[in-house]
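Notes for the structure review
Residues per chain, in single letters:
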Amino acid sequence: ENVILAGESAGGYFISHVASAMSDFTLYEKNELTFQSRNNFKVRAIVSLSGCFSLERLSDETKEQSKFPDLATMFKSFFGMKIEDLKNWLKTEEGKLASPAVTKNYPPVFMAWATRDKLRFEAFDMANDLREFNIPYRLFKIDDISAQHAWSIVPLFQKSRECFEDAFCFCEKYIER
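Right, let's walk through the structure included here. Because the structure is a prediction, the values reported are computed rather than measured. (Residues numbered from 1 in each chain as written. Predicted model: local features only at pLDDT ≥ 70, side-chain atom pairs only at ≥ 80, totals over all residues. Heavy atoms only, no water.)

Describing empty space enclosed by the protein
A probe as big as a water molecule, rolled over the atoms, marks out the empty space that is left. Overall, the coordinates contain one cavity of 30 Å³ or more when judged by the stated rule. For the largest cavity, the calculated volume is near 40 Å³. Broken down by secondary-structure element, the contributors of at least two residues to the lining of the largest cavity are strand 3 (109-114) and helix 7 (120-132). Looking at which element gives the most residues to the lining of the largest cavity, the answer is strand 3, with three residues. Taken together, the residues that form the lining of the largest cavity break down as six nonpolar, three polar and one charged. (1 Å grid on protein atoms, 1.4 Å probe; cavity = no way out; pocket = protein on both sides within 12 Å on 5 of 7 lines; lining within 4 Å. Points joined across faces, edges and corners; volume = space filled by probe spheres on them. Helix = DSSP H or I, 4+ residues; strand = E, 2+ residues; numbered from the N terminus. Nonpolar A, V, L, I, M, F, W, Y, C, P; charged D, E, K, R; others polar.)

A few points about the packing of aromatic side chains
Counted under the stated rule, the structure contains nine aromatic pairs. With a centroid separation of 6.3 Å and an interplanar angle of 50 degrees, the aromatic rings of Phe75 and Phe79 are classed as tilted. Residue Phe75 and its partner Phe79 are located together in helix 4 (residues 71-79), separated by four residues, close to a single helical turn. Among the residues examined, Phe75 registers a relative accessible area of 1% and is labelled buried. With relative accessibility at 26%, the residue Phe79 sits in the partly exposed group. One aromatic cluster is present, formed by Phe75, Phe78, Phe79 and Trp89 through successive ring pairs. (Phe/Tyr/Trp six-rings, centres within 6.5 Å; stacked < 30°, edge-to-face > 60°. Buried < 20%, exposed > 50% of the residue type's maximum accessible area, 1.4 Å probe, protein only.)

A closer look at the packing of helix 4 against helix 5 (residues 83-90)
Where helix 4 meets helix 5, the axes come as close as 9 Å, and the angle between the chain directions of the two elements is 60 degrees. For the element pair helix 4 / helix 5, the angle class is oblique. Of the two possible hands of crossing, helix 4 and helix 5 adopt the one that is left-handed. Residues Ala72, Phe75 and Phe79 of helix 4 touch helix 5, and the partners they reach there are Ile83, Leu86 and Trp89. Broken down by class, the residue content of the contact of helix 4 with helix 5 amounts to six nonpolar, no polar and no charged. (Axes fitted to C-alpha atoms, helices over the stretch in contact; angles between N-to-C directions. Parallel < 35°, antiparallel > 145°, perpendicular 65-115°, else oblique. Left-handed = near helix turned anticlockwise from the far one by under 90°. Contact = heavy atoms within 4.5 Å.)

A word on unusual backbone geometry
In the Ramachandran plot, Ser9 falls in the positive-phi region, its phi being about 60 degrees despite a non-glycine side chain. At Asn134, a position not held by glycine, the phi torsion is positive, near 55 degrees. As for its position among the elements, Asn134 is in the loop between helix 7 and strand 4 (137-142). On the accessibility criterion, Asn134 (70% relative accessible area) is exposed.

Quick word on the state of the cysteines
As enumerated under the stated definition, the model contains zero disulfides in all. Sulfur of Cys52: no disulfide; nearest cysteine sulfur belongs to Cys163 and is 18 Å away. Accessibility expressed as a relative area gives 7% for Cys52, which makes it buried. Of all cysteine sulfurs in the structure, the one in Cys169 sits closest to Cys171, which takes part in no disulfide; the separation is 9.5 Å. A relative accessible area of 5% places Cys171 in the buried class. (Disulfide = S-S within 2.5 Å.)

Considerations on the nonpolar core
Ranked by internal contacts, the top residues of the largest apolar core, which has 18 residues, are Ile46, Tyr106, Met111, Met126 and Leu130. Top contributing element to this core by residue count: helix 7, with four residues. The residues contacting Tyr106, other than those within four sequence positions of it, are Ser16, Ala19, Ser20, Ser23, Ile46, Ala101, Met126, Leu130 and Ile135. (Core = buried A, V, L, I, M, F, W, Y, C linked by side-chain atoms within 4.5 Å.)

Section: the pattern of salt bridges
If charged atoms from side chains of opposite charge come close, those side chains can pair. Inspection of every chain in the model, using the stated rule, returns seven salt bridges. We note a salt bridge from Asp125 to Arg57, for which the minimum N-O separation is 3.6 Å. One end of the pair, Asp125, is in helix 7; the other, Arg57, is in helix 3 (residues 55-58), with 68 residues separating them in the sequence. Assessed through its relative accessible area of 14%, Asp125 is described here as buried. (Salt bridge = Lys/Arg side-chain N within 4 Å of Asp/Glu carboxyl O.)

Given below as structure tokens:
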């Protein structure tokens, strides 16, 4: 029952979906998911390192995160469609399920962001979503030599080690003993 989910980049996107499903069981039916242990599986917190949260924001040219390198290639390989087609699909009922949904039962979130990462704006927008529901969160800034996309996990750098320690301290508060 004390589950902490962690993911980096697309892994942050994946764990956000798991957290959404665990905090709103109607998503199981909408996404046609089966998980027999869902009533015993309690996500206490999530740790996202340079994570992606919203495909709508990611595909919106007015948002800074849309400038992430090779975004068109990523959308084409993940979804088999061009950005314009993806934008239209995201407006459909099926497409709306492609981005994790923050609800009042969403778990606390630790997010590391890097100053030279185009996806850093995903963390800021996710923080706004969490604030709307009074969900605890922590933003950790990576601003040293490792401040690129997904480099916050390299333990060679002091700031990365601090990130790990801060993530552990954040999550520890939410584990039931």
